[in-house]
Amino acid sequence: MYRYTDFDTAFVAERNRQFRQQVERRIAGHLTEDEFKPLRLMNGLYLQLHAYMLRVAIPYGTLNSAQMDQLALLAEKWDKGYGHFTTRQNIQYNWPKLRDVPDMLDALAEVGMHAIQTSGNTIRNVTADHFAGAAADEIADPRPVAELLRQWSTDHPEFQFLPRKFKIAVTGSPNDRAVIKAHDIGIQVVEREGRIGYRVLVGGGLGRTPMIGKELTEFVPLAELLPFVEATVSVWNLLGRRDNKYKARIKITVHEHGIDEIRRLVEDRFAETRQAFNGADLELFDEIAAQFQPPAFRNVPTDAYDSAYEADPVFRAWADTNLWDHKAPGYAIAQISLKPHGQTPGDATADQMRVMADLARRFGHDELRISHEQNVVLPHVHKSDLPEVHKILKAHGLATANIGLISDIIACPGMDYCALATARSIPIAQEIATRFDELKIEHEIGDLKIKISGCINACGHHHVGHIGILGLDRAGVENYQITLGGDATETASLGTRTGPGFSAEEIVPAVERVVQAYLEHRESPEEPFLAAYRRLGMAPFKTALYGEETGKKARAA
Amino acid sequence: MPKPFTPKVVTANALLEGDVIYLAADDSWVRSLSQAEVLTDEAVAQIRLLDASARQAEAVGVYLADVAPSDEGPQTTHFRETFRATGPSNYAHGKQAEG
Ligand code: HEM
Ligand code: SF4
């Protein structure tokens, strides 16, 4: 676990002290809202539909138990008893009061957390694979690089007023669980002739103009990574379209200039930035990496797990769905679903946060992760402890066995909270999950990812959902557009629109028809939805959604 | 042709807690749409909006929202304003909790 240095601690304390005074001055009427707004946004404080919203960064999704306990304390003391985990490994509090926010920030600082650069045109929270440091398929832990990037980007003088927000994600595995192809910069740890290096992608992003990132370089060694990333951001800082907010993201810059031209400019700039880096970053990297050493794994038998797996079908269903392969023998990665059927995806109560913290402390080497899929992960659990872990999870509504299934839905806050929304997301997610739970077919359907956004900004990643749902406003009525075939992994693709949207009443039956068509047309239960869609194309799904005539036209097209 | 003026209320978020608020006829900020002043004259609405926008120490993001007057007070005409008037649909954490 990375520990803040004294420098970091002093920096955050000073920022909080400043913000406390700014809040006081705003309340006393010495600052107008226009003056105050950029200051509150710099500290992760938004004003939403019904209240303020505080967005707290969880760098690369990594937390220890004390930090999770503190998130619970914030939820209980200054909010309504819960928090919302997001697709960018942040937690959002939906109901803080302006006067309380400085206290909340101080409480976060006590455990080395903050809300800096969770808003604004800066380099945002650096995200990473939620199985970092644990996954069996991992080449190297992506978090030391993510932490290096975090330190380099925090308060970086050149990058505080970028053309637009900037998002970086890092994966240490060939299987991409960090959606690196939908980030401004995606970094993948690779190995070439025994040497670790980094593949850098650029220009991915969702939102109004979704794009899949393109390869900028297939390999940079560690010594060149920061100067290379700095060169990339710097090129965009110059070229980025500040004239039009909707065209300001680096994906547009890459699109307008072409990846070859961008690569040439980055190489030119890199020649300069490389000179400017004096190697301090490498020393820092070594210090950081030393703090991400794997815990002392126990080497004991897994009998307790084996017998529970044999005897208890509920445990077995959970184990089959929610566990993932760990690199250490006898260990597993346990995923905790924050998607109980019919509840708000990504929400956890203060009690649940404490339960998860306690489990990590007792059985998980004090480590927790937040996934971009809005779930929580215990990365290192010995299998012999899993029956006990499962029992405790079950007692607290945290043992839903649905990771990767149709009810494991990503949903942004939508119009229930978000001031930018054009429709609601949460009730749609709740209804879909409830419906398929009633039908009792979600395990039979298998791997199927539904992602829902309440507006074109795509915070719910709908473009990369196997089934994506986008909520729109059609003449003052909520309307939902379906896309199919999106994919957020290493085989990333953007979904294709099926056709006209559906009303709030029609959308759940429409999703059901899509799923029914898949069940009818799949080659075997081993062919997942995405593979079936890629083989079959849109036509059978169009027929299922809109009737025979439209389906035929789609086939002819 | 200019669009005919439709009835409006002045609405905003309260500075201290972020809660949705409406301007009442007596110039106070009220929490419930039913107590809001309905503005049917465009010129009056613009003046009410300007005055309310100046009250920086109380309200954030002041604007005019469409309503349909009725015997039970103003009714929302767009679903966004309906959610603002009642609170989120996943929990009774907003105005719906206050009854
Ligand atoms: C409720 C407050 C929120 C506001 C005001 C907000 C605002 C925005 C805006 C304006 C964009 C478009 C940016 C652009 O294209 O330049 C965006 C994109 C995005 N936001 Fe949010 N968002 C909010 C909540 C969330 C939440 C809860 C999540 C995670 C669940 C999230 C994650 C994302 C992601 C992943 C994108 C994708 C677009 C991209 O960067 O490629 N946001 N958001
Ligand atoms: S997608 Fe739209 S509605 Fe959803 S959180 Fe993002 S900005 Fe808000």
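Calculation notes
Residues numbered from 1 in each chain as written. Chains lettered and ligands numbered in written order. Predicted model: local features only at pLDDT ≥ 70, side-chain atom pairs only at ≥ 80, totals over all residues. Heavy atoms only, no water. Near = heavy atom within 4 Å. Polar contact = N/O pair within 3.5 Å; in protein donor to acceptor, adjacent residues only side chain to side chain. Nonpolar A, V, L, I, M, F, W, Y, C, P; charged D, E, K, R; others polar. UniProt positions renumbered as here; feature names shortened; annotations may be inferred. Helix = DSSP H or I, 4+ residues; strand = E, 2+ residues; numbered from the N terminus. Pairing = 2+ DSSP bridges. Contact = heavy atoms within 4.5 Å. Axes fitted to C-alpha atoms, helices over the stretch in contact; angles between N-to-C directions. Donors = N, O, S within 2.8 Å, 3.2 Å for Na, K, Ca; no water.

Chain B carries the name Putative DUF2849 protein in an unreviewed UniProt entry, which gives Salipiger abyssi as its organism.

The name given to chain A in an unreviewed UniProt entry is Sulfite reductase (NADPH) hemoprotein beta-component, with the source organism recorded as Salipiger abyssi.

Enquirer: What is the right way to look at the site of ligand 1 in this model?
Expert: Residues and elements named next belong to chain A. Around ligand 1, the surrounding shell holds 21 residues, and the nearest of these are Gln48, Thr87, Leu206, Arg249 and Cys459. Here Arg164 contributes a side-chain N or O atom positioned 3.3 Å from an oxygen atom of ligand 1. A distance of 2.7 Å separates an oxygen atom of ligand 1 from a polar backbone atom of Leu206. A per-class count over the shell around ligand 1 returns seven nonpolar, eight polar and six charged.

Enquirer: Quick question: what am I supposed to make of the UniProt feature "domain: Nitrite/sulphite reductase 4Fe-4S" (unreviewed entry) in chain A here?
Expert: Mapped onto this numbering, the UniProt entry annotates "domain: Nitrite/sulphite reductase 4Fe-4S" (unreviewed entry) at residues 119-272 and 408-552 of chain A. Measuring from the first to the last C-alpha atom of residues 119-272 of chain A gives 29 Å, for a span that is 33% helix and 19% strand.

Enquirer: For this particular structure, what's the right way to read the sheet that holds strand S8 (residues 185-192) of chain A?
Expert: Hydrogen bonds between backbone atoms are what pair the strands of a sheet, whose relative direction is either parallel or antiparallel. Residue and element names in this part refer to chain A. As summarised here, the arrangement of the five strands in space is S6-S7-S8-S9-S10, forming an open sheet in which the pairing is mixed. With partners counted over all chains shown, the strands left at the sheet margins are strand S6 (127-128) and strand S10 (214-221), one partner each. The pairing of S8 with strand S9 (residues 195-202) spans eight bridges and is classified as antiparallel. Counterpart to Val190 in the pairing with S9 is Gly197. Across the sheet, helix H5 (residues 143-153) lies against strand S7 (168-171), S8 and S9, angled at about 160° from S7, the strand it touches most. Strand contacts of helix H8 (residues 259-276): S9 and S10, with the helix running at about 30° to S10, the strand carrying the most contacts.

Enquirer: What should I look at first to understand the side chain of A:Ser234 in this one?
Expert: Residue and element names in this part refer to chain A. By secondary structure assignment, the location of Ser234 is in helix H6 (residues 222-239). Polar contacts involving the side chain of Ser234 include one to the side chain of Arg269, which spans 2.7 Å. Discounting chain neighbours no more than four positions away, the residues touching Ser234 are Glu158, Phe159 and Arg269.

Enquirer: Would you mind going over the coordination of the iron atom of ligand 1 with me for this structure?
Expert: In an ideal octahedron of six donors the angles at the metal are 90 or 180 degrees, and in an ideal tetrahedron of four donors they are 109.5 degrees. Just one protein atom donates to the iron atom of ligand 1; it is A:Cys459 (SG), sitting 2.1 Å from the metal. Relative to the assigned elements, A:Cys459 resides in the loop between strand S17 (450-453) and strand S18 (467-474).

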